[in-house]
Amino acid sequence: MLSWLENQVVFSAVLSLVLITGMMTCVAYCIYFERKISAWIQDRQGPNRVGFLGLFGNFHFWGLGQPIADGAKFFLKEDIIPARVDKPLFILAPAISMIVALIGFVVIPWGGSYMLGETLMNVQVANPDVGLLYILGVGSMGVYGVVLGGWASNNKYSMYGAVRATAQMLSYEIPMGVAILVVVLASGQLRLEEIVLGQVGGNGLWNIVLHPVSFLILLITLFAETNRAPFDLAEAEQELVGGFHTEYSSMKFAMFFLGEYVHMITGSAFICVLFLGGWELSFFGIGPAFPGTGIEDVGLISVIIKIGVLAVKVAFFIFLFMLVRWTLPRFRFDQLMRLAWKGLIPVSLGILLLTVFGLYMGWQRSVLFNLGGEIAIVAATLGVVVLANKPVTGRQDNMPAVTQPLGG
Amino acid sequence: MIPYILYVLFALGGAAIYLAMPKPSGSQRRAALVLGVGVIAGLLALMSMHFVAPNSNNFFFYMFAGLAILAAGRVVTHPVPTYSAVYFALVILCVAVLLVIQRAEFLAVALIIIYAGAILVTYAFVIMLAQQSGAVSTDTRAREPLMAILVSFVIAGAIAGKIEQIDAVPVKMTAQVPQAVTDVPIETTLPATEMESGHTKAIGEIMFGPYLVVVELSGILLLIAMVGAIAISRKQVPIEDTGEPKLPVGQIGREVPPF
Amino acid sequence: MPDPGSYILLGAVLFAIGMVGFLARRNLIVMFLSTEIMFQGVVLNVVAFSRLHGRLTGDAYGLFLLVIAAVEAGLALGLVVLLYRRKHTLDAESWSAMSG
């Protein structure tokens, strides 16, 4: 009956269709929940009017129809292309943003293996040899949408937004890459599925237990990579109107917006796979595995459980993203740069050295060694940074005169 | 026979690039596009007839090889540098796909991360900061395009003249490799077996086996380059007056005619 | 996998196009992009040769080429920024005054 499905290529195609549909729905509801959470934090009601065409009388389902109405609104609004923009790039930029965000999810292992008839399938669209690097590569392409959009808009605020985004992405990609390298060294794998299998209960601990500081670094850089607060300097409303998307309207604006949310989902799934055991639930790899989430469970129900476990973990991170956005103020740009170059990069390089040393001595599975070493590195970096740099704050009277700026 | 067809194709391709080169009087872009696409089609047809064994991967090879050549042509002929950078990103992606077809996945992804992710973004950064006043004469006037095309395509023609002999080389010539190559004790990993363990593992074993010293040296090279780049770009220089009108400090935005 | 001959031909074409750009364009950034295109042609060639010989030496060379490209880009951009600060143009010919 389903024998035509028993082929990884066909299965992957079906899976990616399902995933894209699911992802877009998730994104729509993420926006709804973001508004609800911000309302909760600010002691408001949030969207609560749009139900389902009033079919249920006065009951509005807490505004659950809002995403549908929003989507319709974005499609129906007038799409303005300002007169003096660079038209081809202006149209291309949101598309790049969206596509790059969407193709990242293909290497995420959503639910281990699935025994379909006689064949063992990966519940993963593709399992390339270089899965982890693929995510890094795709993530590094993400900045093009912002840069090209900002440049094509021919608007000084958009331009400043694009310049900020470029500098930010380039700076935060370094600690991100090094933090990921630590996981690669610890597990000896670049395939995401194998990285998950290395953390499954019985096989080993979740990587967050072994490398908590790397986890934090990756989380911070993920905030920066997705351009979310407190790192959303590229679209700082108070300074830059809307930053790189000032000139965008209607569906083109929505595509930037959707791209950001998809990026958030993919990034959360990525961090779960790397540090939190992916689809596996066994309390940091210490306790017994939750029934149905072992390696040997390949039935339909266990796949659903595994996907559910990963979805809950991802939902937690998305909630964290939203909580941080609505509670923390935005960084200033020099603070942003200082955090990356004087904080995250030395710490991540130190952890990389520590991991290599641990591997050489055979201590890579020792929680005590890793934890102690990482705390020492963080303390040393903090000490050096605090002692060596008095932070520059407030308006400076005796700053050296700026000679010609590059773009002036 | 093949070299002569190639010479003709290269001559036509050179003509296409000449037509597309930015000129103050405007370039004949449409004619160049038609000619260029024709040349690429001819080149790919020649490859398919003479070199390529039938295989399902070949469709992707033709598609991305053609796209790479077209995009490369646009990089060198587009009058707006930002577009050159975007087309260059396209070239990188096409080359990455061509490397994946050759089962060099690690190299392909490294190419994308390093070029598209780091180098090109920095280029785009500088272009955007520098090109704020619209098209300037630097970009609309090529420098001796005819001679440049002649020199370059003569070199390509020299390679093309020998291309038939490459085809004659047996594919598995491990036994007959010159001594200089085999001096380095390399675990020869044939692509067939390489698929089992993965390209990444195989290339890692080579990089950290026989080429370990070279890896260390490249690290040192990168460090020196980093120090050099910082030293160069932090230097304060006097601004020479070039006589060109300057934009007031802080003004951003370029004159683009409304479409 | 297509025959190495096609890759070598493709590499030659990319190299030639990059060379045209390097010789004919006056914008420094476009000139450097052209050298990178030449690099791409070379990378395709070394990998093709490596497949021809059935070994991975060419792939290793490709990675070292990436290192060289990164070094070159870093230094070149430093120089371009310096030139731009001095002359406010990206025109390569503005340096020709130095040749006297």
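Here is what the cut-offs are and how they apply
- Residues numbered from 1 in each chain as written.
- Chains lettered and ligands numbered in written order.
- Predicted model: local features only at pLDDT ≥ 70, side-chain atom pairs only at ≥ 80, totals over all residues.
- Heavy atoms only, no water.
- Helix = DSSP H or I, 4+ residues; strand = E, 2+ residues; numbered from the N terminus.
- Buried < 20%, exposed > 50% of the residue type's maximum accessible area, 1.4 Å probe, protein only.
- Contact = heavy atoms within 4.5 Å.
- Areas by Shrake-Rupley, 256 points an atom, 1.4 Å probe, with all protein chains shown as cover.
- Axes fitted to C-alpha atoms, helices over the stretch in contact; angles between N-to-C directions.
- Parallel < 35°, antiparallel > 145°, perpendicular 65-115°, else oblique.
- Left-handed = near helix turned anticlockwise from the far one by under 90°.
- Polar contact = N/O pair within 3.5 Å; in protein donor to acceptor, adjacent residues only side chain to side chain.
- Buried area = accessible area lost by both parts, 1.4 Å probe.
- Salt bridge = Lys/Arg side-chain N within 4 Å of Asp/Glu carboxyl O.
- Expected span 1.5 Å × (residues − 1).
- Arc of directions from axis to C-beta.
- Core = buried A, V, L, I, M, F, W, Y, C linked by side-chain atoms within 4.5 Å.
- Domains from an automatic or database assignment.
- Phe/Tyr/Trp six-rings, centres within 6.5 Å; stacked < 30°, edge-to-face > 60°.
- Lys NZ or Arg CZ within 6 Å of the ring centre and 35° of its normal.

A.B. asks: Run through the overall build of chain B, naming residues and quoting values.
C.D. replies: From N to C terminus, chain B includes 12 helices and 0 strands. The helix and strand sequence of chain B, counted from the amino end, reads α-α-α-α-α-α-α-α-α-α-α-α. Classification of the 259 residues of chain B by burial places 43% in the buried group. Considering only contacts within chain B whose residues lie at least 6 apart along the sequence, 64% involve residues at least 24 apart. Entry remark: accessible area of chain B is about 13200 Å², with carbon and sulfur atoms responsible for 69%.

A.B. asks: Any chance you could break down unusual backbone geometry for me, citing the residues and the numbers?
C.D. replies: Negative phi characterises most residues that are not glycine, and trans characterises most peptide bonds. Residue and element names in this part refer to chain A. Of note, the phi angle at Asp-43 is positive, near 60 degrees, even though the residue is not glycine. Relative to the helices and strands, Asp-43 is located in the loop between helix H1 (8-41) and helix H2 (66-76). Owing to a relative accessible area of 71%, Asp-43 belongs among the exposed residues under this scheme.

A.B. asks: Describe the packing of helix H3 (residues 87-103) of chain A against helix H11 (residues 250-275) of chain A, listing the residues and the values that go with them.
C.D. replies: All names here are of chain A. Relative to each other, H3 and H11 sit at 20 degrees, their axes nearing to 8 Å. Of the possible angle classes, the one that applies to H3 and H11 is roughly parallel. Note that H3 runs across H11; the crossing there is left-handed. Contacts between H3 and H11 involve Phe-90, Ile-91, Ala-93, Pro-94, Ala-95, Ser-97, Met-98, Ala-101 and Leu-102 from the first element and Lys-252, Met-255, Phe-256, Leu-258, Gly-259, Val-262, His-263 and Thr-266 from the second.

A.B. asks: Lay out the side chain of Asn-207 of chain A with the relevant residues and their values.
C.D. replies: All names here are of chain A. Within the secondary structure, Asn-207 sits in helix H8 (residues 207-210). Asn-207 gets classed as buried once you look at its relative accessible area, which sits at 4%. Polar contacts involving the side chain of Asn-207 include one to the main-chain carbonyl oxygen of Leu-274, which spans 2.8 Å. Leaving out residues up to four positions away in the same chain, Asn-207 has contacts with Val-183, Ile-195, Gln-199, Leu-274 and Phe-275.

A.B. asks: Could you give an account of the environment of Ile-159 of chain B, naming the residues involved and the relevant values?
C.D. replies: If you trace the backbone, Ile-159 of chain B turns up in helix H7 (residues 145-161). Judged by relative accessible area, which is 31%, Ile-159 of chain B ranks as partly exposed. Between the C-alpha atoms of Ile-159 of chain B and Pro-3 of chain B, which are 156 residues apart in sequence, the distance is 9.3 Å. Ignoring any residue separated from it by four or fewer positions in sequence, one finds Ile-159 of chain B in contact with Ile-8 and Ala-12 of chain C.

A.B. asks: So, the interface of chain C and chain B: which residues are in play, and what are the values?
C.D. replies: Frequently, the measure chosen for interface size is the accessible area that the parts lose on association. Facing the 75 residues of chain C at the interface are 108 residues of chain B. In total, chain C and chain B occlude about 8100 Å² of area from one another, counting both sides; carbon and sulfur atoms represent 73% of this. When the buried area of chain C at its contact with chain B is split by residue, Arg-25, Arg-55 and Arg-86 of chain C rank highest and sum to 9% of it. At the junction of chain C with chain B, the criterion picks out 0 salt bridges. Where chain C packs against chain B, one counts 6 residue pairs in polar contact (both at pLDDT 80 or more). Contributions of two or more residues to the side of chain C that touches chain B are made by helix H1 (4-24), helix H2 (28-52) and helix H3 (57-87) of chain C.

A.B. asks: How would you explain H7 of chain B if you had to name every residue and give the values?
C.D. replies: Residues and elements named next belong to chain B. Between the first and last C-alpha of H7 there are 24 Å, a value that for 17 residues agrees with the 24 Å anticipated at 1.5 Å per step. Listing the buried residues of H7 in full gives Pro-145, Ala-148, Ile-149, Ser-152, Phe-153, Ala-156, Gly-157 and Ala-160. Buried positions in H7, seen along its axis, are confined to an arc of 155 degrees and lie on one side of it. Among the exposed residues of H7, those pointing more than 90 degrees away from its buried face are Leu-150, Val-154 and Ala-158.

A.B. asks: With reference to specific residues and values, describe the nonpolar core.
C.D. replies: Membership of the largest hydrophobic core comes to 124 residues, with the highest contact counts inside it found for Leu-6, Leu-43, Leu-99, Tyr-115 and Tyr-123 of chain B. Of the residues forming this core, the biggest block, 15 residues, is contributed by helix H5 (residues 105-130) of chain B. Three or more residues apiece are contributed to this core by two domains, here domain 1 (2-169) and domain 2 (173-236) of chain B. When sequence neighbours within four positions are dropped, the list of residues in contact with Tyr-115 of chain B reads Phe-88, Ile-92, Ala-110 and Leu-120 of chain B together with Glu-36, Phe-39, Gln-40, Leu-66 and Ala-69 of chain C.

A.B. asks: Give a description of the packing of aromatic side chains that names residues and reports values.
C.D. replies: Summed over the entire model, instances satisfying the criterion amount to 20 aromatic pairs over all chains. Judged by centre distance (6.0 Å) and plane angle (70 degrees), the ring pair of Tyr-211 of chain B and Phe-64 of chain C falls under edge-to-face. Of this pair, Tyr-211 of chain B sits in the loop between helix H11 (199-207) and helix H12 (212-233) while Phe-64 of chain C is found in helix H3, placing the two residues in two different chains. For the residue pair Tyr-211 of chain B and Phe-64 of chain C, the accessibility class agrees, reading buried in each case. Following the ring pairs from residue to residue traces out a cluster consisting of Phe-74, Phe-253, Phe-257 and Tyr-261 of chain A. The ring of Phe-74 of chain A carries Lys-73 of chain A above its face, with NZ or CZ at 5.1 Å from the centroid.

A.B. asks: Help me get a handle on H3 of chain A, residues and values and all.
C.D. replies: Each α-helix turn comprises 3.6 residues. Residues three or four places apart therefore point the same way. Over its 17 residues, H3 of chain A runs 25 Å from end to end, which matches the ideal 24 Å to within 8%, given 1.5 Å per residue. Buried within H3 of chain A are the following residues: Leu-89, Phe-90, Ala-93, Pro-94, Ile-96, Ser-97, Met-98, Val-100, Ala-101 and Leu-102 of chain A. Buried residues in H3 of chain A make contact with H1, helix H4 (131-141), helix H5 (143-152) and H11 of chain A together with helix H4 (81-101) of chain B.

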